[in-house]
2 protein chains.
Amino acid sequence: MHETARGEWRPTPQRAAVLEALRAADGFISAQALHAALVADGVTVGLTTVYRTLRLLETAGHVDVVRDSDGERLYRPRPDDGHRHYLVCRECGLSLAVDAEEVERWVTRIQRDIGFHAVNHTVELTGVCDGCLSGQADRRPDS
Amino acid sequence: MHETARGEWRPTPQRAAVLEALRAADGFISAQALHAALVADGVTVGLTTVYRTLRLLETAGHVDVVRDSDGERLYRPRPDDGHRHYLVCRECGLSLAVDAEEVERWVTRIQRDIGFHAVNHTVELTGVCDGCLSGQADRRPDS
DNA sequence: CTTAATGCAAAATCTTTGCATGAAC
DNA sequence: GTTCATGCAAAGATTTTGCATTAAG
């Protein structure tokens with residue numbers, strides 16, 4: 001090996017397309033939906049490649065990953081200033097970044113108080129946005 | 001209907017066993033692990049029944065559910081004073097309930113400010129406890 | 001006796017892997 | 001010319017559903 005030891009990235013049309021589609025989709029999107037969008041756009045790419053590319057992006061820390069209520073992984077390009085938390089509409093998928101400073105501080109304090117190390121936190125907020133509040137009344141808030 | 005309108009609960013040995021095993025396991029446990037434990041204990045119960053019972057408990061709000069990194073659902077009997085948040089050790093599974101009042105308040109305010117309704121929140125904290133901090137250095141904090 | 005619960009096997013998902021072909025360096 | 005990426009099909013894994021049998025009210 002005479003070049004980049006680790007970091008063997010190889011730019012291919014498929015990877016570029018996945019990245020572009022990922023950024024085009026606003027909010028979180030599943031691997032399958034992303035693949036469908038790509039195919040619909042006329043891009044020739046296999047579902048396998050979409051999964052593999054997303055896994056690479058995840059490993060490299062370039063996407064945030066959450067899970068929906070079915071356990072499906074949803075991806076979103078990470079805003080370049082670190083990780084964020086989102087409030088996602090269960091009905092239309094609208095996702096808004098929320099100010100999570102308080103939570104960040106809370107996590108830091110908990111970590112120190114309890115004596116844990118390398119604490120990761122995941123905060124997922126789902127609700128129903130104003131626009132979608134028209135004719136539905138199943139889930140109640142569980143707070 | 002002359003009795004309990006909804007709430008058609010039918011106490012069976014299997015359901016009792018699932019509940020007992022769930023309480024016996026300290027910390028979060030998967031449906032499959034729970035089933036394995038039951039079978040190992042000599043209880044005759046099908047995996048299907050375990051899943052169905054856990055789903056009922058979840059609907060009734062009697063268990064907290066989180067997902068591990070493989071997307072597997074993990075269940076834990078809910079302490080009878082509402083829902084809680086836990087800090088779980090990635091190494092040994094030790095789980096501690098943490099004071100989450102601040103987060104609850106934060107969620108309430110976000111909900112009001114942004115104009116969302118029926119907001120659910122999931123907060124998952126994972127780290128490494130003091131006891132396990134002896135020889136391991138893979139995941140870094142992502143905060 | 002009527003209604004619901006059980007459990008096996010099969011189905012339905014989402015995701016990963018084996019392997020031959022084709023593209024990138 | 002090597003080495004890595006692609007993509008199909010098949011395998012893996014977790015959870016749900018169909019349906020006949022059994023148990024509870």
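Here, residues in each chain are numbered from 1, in the same order as that chain's written sequence. To read the labels, note that chains go from A and ligands from 1, taken in the order they are written. Reporting in this predicted model follows two pLDDT cut-offs: at least 70 for local features of residues, and 80 or more for side-chain atom pairs to be given and counted; totals over whole chains, interfaces and linings ignore these cut-offs and use all residues. Just so you know, side-chain values use all the structure's heavy atoms and leave hydrogens and water out.

**Some remarks on the environment of Asp 113 of chain B**
Residue and element names in this part refer to chain B. Put simply, DSSP H or I for four residues or longer makes a helix, DSSP E for two residues or longer makes a strand, and each gets a number counted from the N terminus. Note on placement: Asp 113 falls in helix H4 (residues 101–114). For Asp 113, a relative accessible area of 53% translates into the label exposed. Along the primary structure Asp 113 and Pro 13 are separated by 100 residues, whereas in three dimensions their C-alpha atoms are 48 Å apart. Only protein chains enter the accessibility calculation, which uses a 1.4 Å probe; a residue is then buried when its area is under 20% of its type maximum, exposed when over 50%, and partly exposed in between.

**Details of the sheet that holds strand E5 (residues 95–98) of chain B**
Only strands joined by at least two bridges in the DSSP assignment are considered to pair. With mixed pairing, the six strands of this open sheet are ordered in space as E5(A)-E4(A)-E6(A)-E6(B)-E4(B)-E5(B). Two strands in the sheet have a free side with no partner beyond their single neighbour: strand E5 (95–98) of chain A together with E5 of chain B. The mean angle between the axes of side-by-side strands here comes to 25°, regardless of whether they run parallel or antiparallel. Bridge count for strand E4 (residues 85–89) of chain A against E5 of chain A is four bridges, and the pairing is antiparallel. For Leu 87 of chain A, the partnering residue across the bridge sits in E5 of chain A and is Leu 96 of chain A. We call two residues in contact when some of their heavy atoms are within 4.5 Å. All axes are obtained by fitting lines to C-alpha atoms, using only the stretch in contact for helices, and the reported angles, taken between N-to-C directions, cover 0 to 180 degrees. Here helix H4 (residues 101–114) of chain A sits on the sheet in contact with E4 and strand E6 (117–128) of chain A together with strand E4 (85–89), E5 and strand E6 (117–128) of chain B, set at roughly 145° to E6 of chain A. Seen against the sheet, H4 of chain B touches E4, E5 and E6 of chain A together with E4 and E6 of chain B and runs at an angle of roughly 145° to E6 of chain B.

**Observations concerning the domain arrangement of chain A**
Residues and elements named next belong to chain A. Each domain's limits were defined by an automated method or a database of domain assignments. What the domain assignment reports for chain A is domain 1 (1–80) and domain 2 (84–138). Taken residue by residue, the interface counts seven residues in domain 1 and five residues in domain 2. Buried surface area refers to the total accessible area, computed with a probe of radius 1.4 Å, that the two partners give up upon joining, counted for both partners together. Counting the surface lost from both domain 1 and domain 2, the interface buries some 500 Å², and carbon and sulfur atoms represent 54% of this. A 3.5 Å cut-off defines polar contacts: any pair of N or O atoms within that distance qualifies, except that in protein one atom must be a possible hydrogen donor and the other a possible acceptor, and neighbouring residues in sequence count only when both atoms are side-chain atoms. Between domain 1 and domain 2 we count zero residue pairs in polar contact (both at pLDDT 80 or more) in total. No other element matches strand E2 (residues 63–67), which puts three residues into the side of domain 1 that touches domain 2. Residues were grouped as follows: Ala, Val, Leu, Ile, Met, Phe, Trp, Tyr, Cys and Pro as nonpolar; Asp, Glu, Lys and Arg as charged; and all remaining residues, including Gly, as polar. Grouping the constituent residues of the side of domain 1 that touches domain 2 by class yields three nonpolar, one polar and three charged.

**Side note on the UniProt feature "binding site: Zn(2+)" (unreviewed entry) in chain A**
Residues and elements named next belong to chain A. This chain's UniProt record puts "binding site: Zn(2+)" (unreviewed entry) on Cys 89, Cys 92, Cys 129 and Cys 132. Looking at the secondary structure, you find Cys 129 in the segment after E6. Overall, the relative accessible area of 6% leaves Cys 129 in the buried class. UniProt positions are given in the numbering used here, feature names are shortened, and annotations may be inferred rather than shown by experiment.

**Some points on the protein's contact with DNA strand D**
Nearness is judged by heavy atoms alone; a residue qualifies as near a molecule or strand once a single heavy atom is within 4 Å of it. Taken together, 19 residues sit near DNA strand D, with Thr 12, Gly 46, Thr 49 and Arg 52 of chain A together with Tyr 51 of chain B positioned nearest. When the atoms of DNA strand D within 4 Å of the protein are grouped by moiety, sugar and phosphate amount to 68% of the total. Within the side chain of Arg 55 of chain B, an N or O atom sits 3.3 Å from a phosphate oxygen of DNA strand D. For DNA strand D, a phosphate oxygen lies 2.9 Å from a polar atom in the backbone of Arg 73 of chain B. When residues of the surface near DNA strand D are traced back to their parent elements, those giving at least two are helix H1 (13–24) and helix H3 (47–59) of chain A together with helix H3 (47–59) of chain B. Here the surface near DNA strand D is composed, by residue class, of three nonpolar, eight polar and eight charged.

**Quick look at the sheet that holds strand E3 (residues 73–77) of chain B**
Residues and elements named next belong to chain B. Reading across the sheet, the three strands line up as E1-E3-E2 and stay open at both edges, with antiparallel pairing between neighbours. In this open sheet, the two strands that pair with only one neighbour each are strand E1 (29–30) and strand E2 (63–67). As defined by bridge partners, E1 adjoins E3 across two bridges and the pair is classed as antiparallel. Residue pairing for E3: Ile 29 is matched across the bridge by Tyr 75.

**Quick word on the UniProt feature "binding site: Fe cation" (unreviewed entry) in chain A**
Residue and element names in this part refer to chain A. The feature "binding site: Fe cation" (unreviewed entry), as given by UniProt, occupies Glu 104 and His 121 in the numbering adopted here. Over a stretch of 18 residues, the named residues converge on one spot in the fold, their C-alpha atoms separated by at most 8.7 Å. Considering the arrangement of structural elements, one finds Glu 104 in helix H4. Within the secondary structure, His 121 is located in strand E6. For His 121, a relative accessible area of 3% puts it in the buried group. Polar side-chain contacts of His 121 include one of 3.3 Å to the side chain of Glu 104.

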